[in-house]
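Summary of the model geometry
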Amino acid sequence: MIGELLFFLVLGIVGLEAVDEVERKVKQPNIVMMVADDLGWADMPWHDSLAIAPTLTGLADSGIILERHYVSPICSPTRSALMTGKHPIRMGLNHGTINAGEPFGVGVEEKLISNYMKDLGYATHQLGK
């Protein structure tokens, strides 16, 4: 009898934790970050552009557009700053790009935005260069 009661008590606690986890994940907004090289202000449909991009327009209409930020004119410093939250000069990435096969880049000791998002319960995925 005590064994059965203990079993149901543990089952109930595990069940409550699972429900709490599901509720926490449901309340979190989806976050999609896109970085595009050489994209001009007028290249986006929501800036009275001639471009037709219904999927991007739909995402923009239902989300938040962050577009008043300064970036480096080349990709590696911009991407390292976005991924780490640190100015590229702090990582030695403020000049030039990182080419394939080069023995340097963002240090493995750096905590990236994906690590912070995972700490908050998000599933993360990155694609691109």
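Residues numbered from 1 in each chain as written. Predicted model: local features only at pLDDT ≥ 70, side-chain atom pairs only at ≥ 80, totals over all residues. Heavy atoms only, no water.

1. Details of the overall build of the protein chain
Of the regular secondary structure elements, the protein chain holds four helices and zero strands. Sorting the 129 residues of the protein chain into buried and exposed places 16% on the buried side. Of the accessible surface of the protein chain, which amounts to about 10,800 Å², a share of 63% is contributed by carbon and sulfur atoms. (Helix = DSSP H or I, 4+ residues; strand = E, 2+ residues; numbered from the N terminus. Buried < 20%, exposed > 50% of the residue type's maximum accessible area, 1.4 Å probe, protein only. Areas by Shrake-Rupley, 256 points an atom, 1.4 Å probe, with all protein chains shown as cover.)

2. A closer look at helix α3 (residues 75-84)
Most of α3 is tucked away, with seven of its ten residues classed as buried. Looking only at α3, the buried set comprises Cys75, Ser76, Pro77, Thr78, Arg79, Ser80 and Thr84. At the exit of α3 stands glycine 85, carrying a positive phi of roughly 80 degrees.

3. A short note on the side chain of serine 76
By the secondary structure assignment, serine 76 is in helix α3. Judged by relative accessible area, which is 9%, serine 76 ranks as buried. Apart from the residues lying within four places of it in its own chain, the contact partners of serine 76 are Gly96, Thr97 and Ile98. (Contact = heavy atoms within 4.5 Å.)

4. Quick look at the environment of alanine 81
Positionally, alanine 81 belongs in helix α3. Apart from the residues lying within four places of it in its own chain, the contact partners of alanine 81 are Lys86 and Pro88.

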